[in-house]
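# Tertiary structure, described
Given next are the chains, with one letter for each unit.
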Amino acid sequence: MEREQEKIVKSMKKDLDRRTLDEAPDSELLLLAKGGKSVAIEVLFHRYKDKLYSIAYGIVGNTTDAIDVVQDAFFKSIKKINKLSKEANIAGYLYRATSTTAIDVIRHKTASKSISFEDLLGHENEIADIQLKPDTLLENSERASTLYEAIAKLPIDQRVVVVLHHIEDLTVDAIAQRLNIPAGTVKSRLARGREALRRKLLGKLR
Amino acid sequence: MNCEVVRKQIAEATVEELQKGLDKNIEEHLSACPDCRAYLEQIKNLTVVLDTEIVPAPKSLESAVIGNLHKIIPKPFYAKRLLIAAIIFLLVSAIAVSYYITYIWSNPDLEDCEPNGDHNKKGSQVEELKTPKVD
């Protein structure tokens, strides 16, 4: 298998640059990254940085921690990239590393504040009012940040489930398995999270 | 089926369920209830926005990652094989040197042996020297 990978990498042009690789499929970038090509890793980062940041920001709820989470998760993933098979879904691998790191950050923060993560998961925080332009639809550039501000204000249990389902595109069963909770609990948290977001945002986000 | 139950089921529906269509009983209720239809539309719109909107990563993230990338670049997959080859080479060399030291260098008689076919000749001379002549 390694010999096959080596042949493919050798068959690729030596003078690979960003422009050549920008349109390369993930599988090709994965092989090059496994071969130690930094330019392939850069392209992978540029391809997924916004989504990774969105997952991290959605879960941790602030810019500083989200940057740390993405950096940490990306570096850890790349260090272990040689363990991936050539058919591996690199996007899913990066998303999972990011959400797991983000959840760990929340756990760590709640532990340092002497509040159990589980207590926090069950706690219904009041969503603070988000400043929206009255009776006007938001511009595209504002829309994402407004939406993510609203997600960040959700209680942690709902926030994590909403991000995993809608941003990381995980199924209810996959979320249940990841968080080690029943699928019914995932559904009810998802419902409460959506309802809270609907109440606050929907009139502005069409 | 009342509005409360219908709205709960709509809110709990996965993205897939919302796209494919809901339960028959709910559909029946929706056809007769404009408020619940409006609620379903709102939830659908929200899921579309949630599925498509992403926050652009700040520039500081990019510089933090790209600037430190050289520290974590993985070793190429063929580096392992090169390492194994180097270890084998060193082992073979060590065995050869130890053999030379043990059997040849430590035996001065054998050092006199010359290559190019003289070995037999010299060797036989050595044998002759070792074997006491019987008169």
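Residues numbered from 1 in each chain as written. Chains lettered and ligands numbered in written order. Predicted model: local features only at pLDDT ≥ 70, side-chain atom pairs only at ≥ 80, totals over all residues. Heavy atoms only, no water.

### Focus on the interface of chain A and chain B
- Facing the 53 residues of chain A at the interface are 39 residues of chain B.
- Roughly 4,200 Å² of surface becomes buried between chain A and chain B when both sides are summed, with 69% attributable to carbon and sulfur atoms.
- Our enumeration of links across chain A and chain B arrives at one salt bridge.
- The salt bridge involving Lys187 of chain A is made with Glu17 of chain B; its shortest N-O contact spans 3.5 Å. (Contact = heavy atoms within 4.5 Å. Buried area = accessible area lost by both parts, 1.4 Å probe. Salt bridge = Lys/Arg side-chain N within 4 Å of Asp/Glu carboxyl O.)

### Topic: the state of the cysteines
Residues and elements named next belong to chain B.
- Per the counting criterion, the structure on display carries zero disulfides over all chains.
- Lacking any disulfide linkage, Cys3 is separated from the closest cysteine sulfur, that of Cys36, by 3.7 Å.
- Here Cys33 stays unpaired: no disulfide links it, and the sulfur of Cys36, its closest cysteine neighbor, is 3.6 Å away. (Disulfide = S-S within 2.5 Å.)

### Some details on the confidence of the model for chain A
Residue and element names in this part refer to chain A.
- The share of residues in chain A with pLDDT of 70 or more is 74%, and the mean pLDDT across the chain is 79.
- The element-level mean pLDDT for chain A is lowest in helix H7 (residues 117–122), coming to 46, with helix H10 (residues 172–179) highest at 93.
- Here residues 115–137 is modelled with pLDDT under 50, and outside its nearest four sequence neighbours on either side it reaches 41 contacts, counting other chains as well. (pLDDT = per-residue confidence, 0-100. Helix = DSSP H or I, 4+ residues; strand = E, 2+ residues; numbered from the N terminus.)

### Examining a nonpolar patch on the surface
- Nonpolar side chains collect at one region of the surface, where Val97, Tyr100, Ile101 and Trp105 of chain B lie side by side and expose about 430 Å² of accessible area between them.
- Its location among the elements puts Trp105 of chain B in helix H6 (residues 79–105). (Patch = residues over 30% accessible without salt bridge, like charges linked within 9 Å, V, L, I, M, F, W, Y side chains within 5 Å. Areas by Shrake-Rupley, 256 points an atom, 1.4 Å probe, with all protein chains shown as cover.)

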